[in-house]
Amino acid sequence: MLTQDLLSRLPKVDLHLHLDGSVKPETILELALNQGLELPVYDKDELIPHMRVNEECGSLTEYLSKFDFTTRFLQSAEALERVAYEVLEQSAEHNCKYVEVRFAPQLHRHQGLTVEETIHHVVEGLKRGGRQFGVRAGVIAICMRNHDAASNLEVVRAAGKFVGKGVVAVDLAGDEASYPPEFFREVFAESRRLGIPVTIHAGEAAGAGNVYEAVANLGAVRIGHGVRLKENASILAMVKDRRIPLEMCPISNIQTKAVPGWEAYPIREYLEQGLLVTINTDNPSVSGTNITKEYSVLADRFGFTTPELVKLIMNGVEAAFLEESDKLLLKREMENELSSLGLLN
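Treat the numbers as computed from the prediction; the structure is a model and nothing was measured.

Q: Explain the overall build of the protein to me, please; I cannot follow it from the model alone.
A: For the protein, the count of helices and strands is 17 helices and 8 strands. Taken over C-alpha atoms, the radius of gyration comes to 19 Å for the protein, in line with the 20 Å a tight globule of 345 residues would show. Counting over 345 residues, the protein shows a buried share of 59%. Excluding contacts between residues fewer than 6 apart, the proportion of contacts in the protein whose partners are at least 24 apart in sequence is 74%. For the protein, the accessible surface area stands at approximately 13,800 Å², while carbon and sulfur atoms represent 48% of it. The averaged location of the 49 negative side-chain charges in the protein is 5 Å from the averaged location of its 36 positive side-chain charges.

As structure tokens, then:
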């Protein structure tokens, strides 16, 4: 059985990590004071309930409401750079070697930043954090389900200018149940035209049909969550045959009620069926989690063995939006570190 110490020392990747779901309460406190914005309380511990869901969280919609609080403070170049930098600081504490940080540029423009400027400043914060903490990172630019086509096309075109310069993919996020993926075919046709990889939040608050639509018509080569994929055997078979990675986020998936509870969480079933499952945090601050905790939960709840956890970690390397040469370097680095811990044969 892995000890907590060994779990924290495992080299890891995190492919599904939201910038505005990763802000530290003490950072919110400082940003609010610097920006002259009012807070409900002025103590970092007392701020946590405003930023984090509790056990009674009833739905994805309720979960997403926490972001209305944090994004208010992320409207300046300095704030975006700082929070991106701190994401890598927090990732390094759990021995993450590579992370993909996603954010929705249109949500950070209330003080006049352009879409391109928001992307630039997140990229710069990650570069600085990468140099400081030795964590490689890429940016995923999010289109929002409740935004119009023009706003989302603006995000895709701006992201296209940063491909190879920090941006690795585009995404679709938000209220999945109210805005099905077929509404966004035009937007993601543009991402295909520009050659930008696509990952889509699907099969979280709605069924497997959304996963099919995301893959078949939006061009998704990865799926955010995909928890409800098991509801349709033929769509599950398609995802398996195409080796489409699932970015699963166990603790968040329970909180958003993607499944009724841990006993219904299909992660072992998916892994045993040969799906390319990866483990991620989603929103460390909103969910009260970290990447070590996610792996710890799998070991405790599902009896995942050390080789199974290593398999999940290496699935993350395989699924990363990296050039093949960079992916090979990351794979070697991970394997060397796992060997030094005595965890690879």
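From this point, the discussion proceeds with the structure in view.
Q: Looking at this structure, I do not really get the UniProt feature "active site" (unreviewed entry) in the protein. What am I missing?
A: What UniProt calls "active site" (unreviewed entry) maps, in this numbering, to Glu-204. Residue position: Glu-204 is located in the loop between strand E5 (199-202) and helix H10 (208-216). Exposure remark for Glu-204: the relative accessible area of 5% places this residue in the buried category. With near-sequence residues (within four places) excluded, Glu-204 lies in contact with Leu-60, Glu-176, His-225, Arg-228, Asn-253, Thr-256 and Ala-258.

Q: Explain the environment of Ile-279 here, please?
A: Tracing the chain through its elements places Ile-279 in strand E8 (residues 277-279). Judged by its relative accessible area of 1%, Ile-279 is buried. Between the alpha carbons of Ile-279 and Asn-217 there is a distance of 25 Å; along the sequence they are 62 residues apart. Setting aside residues no more than four positions away along its own chain, Ile-279 makes contact with Val-13, Met-248, Pro-250, Ile-267, Ile-291, Glu-294, Tyr-295, Leu-298 and Leu-312.

Q: Quick question: what am I supposed to make of the sheet that holds strand E6 (residues 222-225) here?
A: Note: strands within a sheet are paired through backbone hydrogen bonds, in either parallel or antiparallel orientation. If you trace the 4 strands from one edge of the open sheet to the other, you get E5-E6-E7-E8, paired in parallel fashion. In the strand order of this sheet, the two ends are held by E5 and E8, each with one partner. Direction aside, neighbouring strands of the sheet carry axes that sit 30° apart on average. Note: E6 against strand E7 (residues 246-248), 2 bridges, orientation parallel. Note that in E7 the partner of Gly-224 across the bridge is Glu-247.

Q: Mind showing me how you'd approach helix H16 (residues 306-319) here?
A: Residue pairs spaced three or four apart in an α-helix point in one direction, given the helix's 3.6 residues per turn. Taking 1.5 Å as the rise per residue, H16 with 14 residues should run 20 Å; its terminal C-alpha atoms sit 20 Å apart, in good agreement. Three or more residues of H16 are buried, namely Leu-309, Val-310, Leu-312, Ile-313, Met-314, Asn-315, Gly-316, Val-317 and Ala-319.

Q: In this structure, what is going on with the side chain of Glu-190? I would like to understand it.
A: Within the secondary structure, Glu-190 sits in helix H9 (residues 185-194). Those residues in contact with Glu-190 that lie beyond four places of it in its chain are Leu-153, Val-156 and Arg-157.

Q: How do you make sense of the sheet that holds strand E4 (residues 167-173) when you look at a structure like this?
A: The 4 strands are arranged E1-E2-E3-E4 in an open sheet whose pairing can be described as parallel. The open sheet has two free edges, formed respectively by strand E1 (12-18) and E4, since each of these has just one partner strand. Neighbouring strand axes in the sheet, compared pairwise and without regard to direction, differ in orientation by 20° on average. Judged from the 6 bridges that link them, strand E3 (residues 136-144) and E4 form a sheet pairing that is parallel. Residue pairing across strands places Ile-142 opposite Asp-171, the latter belonging to E4. Contacting E3 and E4, helix H8 (residues 149-162) crosses the sheet at an angle of about 160° to E3.

Q: Would you mind going over the pattern of salt bridges with me for this structure?
A: Pairing between side chains of opposite charge can happen when the charged atoms of each approach one another. Going through the model one piece at a time under the given rule, you end up with 23 salt bridges. Among the ionic contacts, a cluster of salt bridges with common partners joins Glu-100, Arg-102, Asp-171, Arg-222 and Glu-247.

Q: Any chance you could explain the UniProt feature "binding site: substrate" (unreviewed entry) in the protein here in plain terms?
A: Within this numbering scheme, the UniProt entry marks His-18, Asp-20 and Gly-174 as carrying the feature "binding site: substrate" (unreviewed entry). Considering the C-alpha atoms alone, the annotated residues occupy 157 residues of sequence yet fold into one spot, their largest mutual distance being 13.1 Å. Counting through the fold element by element, His-18 comes out in strand E1. Among all residues touching His-18, those that are not within four sequence positions of it are Arg-102, Ile-142, His-201, Asp-282 and Asn-283. As for its placement among the helices and strands, Asp-20 is situated in the loop between E1 and helix H2 (25-35).

Q: Just to check I follow, could you spell out unusual backbone geometry for this structure?
A: Note: most peptide bonds trans; most residues except glycine with negative phi. Despite not being glycine, Asn-95 has its phi angle at roughly 60°, a positive value. Position of Asn-95 relative to the elements: it lies in the loop between helix H6 (77-92) and strand E2 (96-103).

Q: Explain the packing of aromatic side chains here, please?
A: Think of a pair of aromatic rings as described by two things: how far the centres are apart, and how the planes are tilted against each other in angle. Tallied over the entire structure, the rule returns 8 aromatic pairs. Judged by centre distance (6.3 Å) and plane angle (55°), the ring pair of Tyr-63 and Phe-67 falls under tilted. Relative to Phe-73, the ring of Phe-69 has its centre 5.5 Å away and its plane inclined at 65°; by these criteria the two rings are edge-to-face. Just as Phe-69 is buried, Phe-73 falls in that class too. Within the aromatic cluster, the residues linked to one another by ring pairs are Trp-262, Tyr-265, Phe-302 and Phe-304. We note Arg-128 situated over the ring of Tyr-85; from NZ or CZ to the ring centre the distance is 4.1 Å. A cation over a ring is seen here: Arg-268 above Phe-304, with NZ or CZ 4.4 Å from the ring centre.

Calculation criteria
- Counting restarts for each chain: residues are numbered from 1 in the order of the written sequence.
- Only residues with pLDDT of 70 or above have their local features reported here, since the model is predicted, and side-chain atom pairs are shown and tallied only from 80 upward, although totals for entire chains, interfaces and linings are computed over all residues.
- Computation of side-chain values covers all heavy atoms of the structure but excludes hydrogens and water.
- A run of H or I in DSSP becomes a helix once it reaches four residues, and a run of E becomes a strand once it reaches two; helices and strands are each numbered from the N terminus.
- Throughout, radius of gyration means the C-alpha value; the globule benchmark is 2.2 Å times the number of residues raised to the power 0.38.
- Only protein chains enter the accessibility calculation, which uses a 1.4 Å probe; a residue whose area is less than 20% of its type maximum is buried, one above 50% is exposed, and one in between is partly exposed.
- Whether two residues touch is decided by their heavy atoms; if any such pair falls within 4.5 Å, the residues are in contact.
- With residues, only the protein chains shown are counted as cover, and all accessible areas are computed by Shrake-Rupley using a 1.4 Å probe.
- In this charge count, Lys and Arg are treated as positive and Asp and Glu as negative; neither His nor the chain ends contribute.
- To locate a charge, the coordinates of NZ of Lys, CZ of Arg, CG of Asp or CD of Glu are taken.
- UniProt positions are given in the numbering used here, feature names are shortened, and annotations may be inferred rather than shown by experiment.
- The pairing criterion is simple: DSSP has to find at least two bridges between the two strands.
- Note on method: axes are straight lines fitted to C-alpha atoms, helices fitted across the in-contact stretch only, with angles between N-to-C directions ranging 0 to 180 degrees.
- By definition here, a helix of n residues has an expected span of 1.5 Å times n minus one.
- Should a side-chain nitrogen of Lys or Arg be within 4 Å of a carboxyl oxygen of Asp or Glu, the pair is scored as a salt bridge.
- Only centres within 6.5 Å qualify two rings of Phe, Tyr or Trp (six-membered ring in Trp) as a pair; their planes then separate them into stacked at under 30 degrees, edge-to-face at over 60, and tilted for everything else.
- Lysine and arginine charges are scored as sitting over a ring when NZ or CZ, respectively, is within 6 Å of the ring centre and within 35 degrees of the ring normal.

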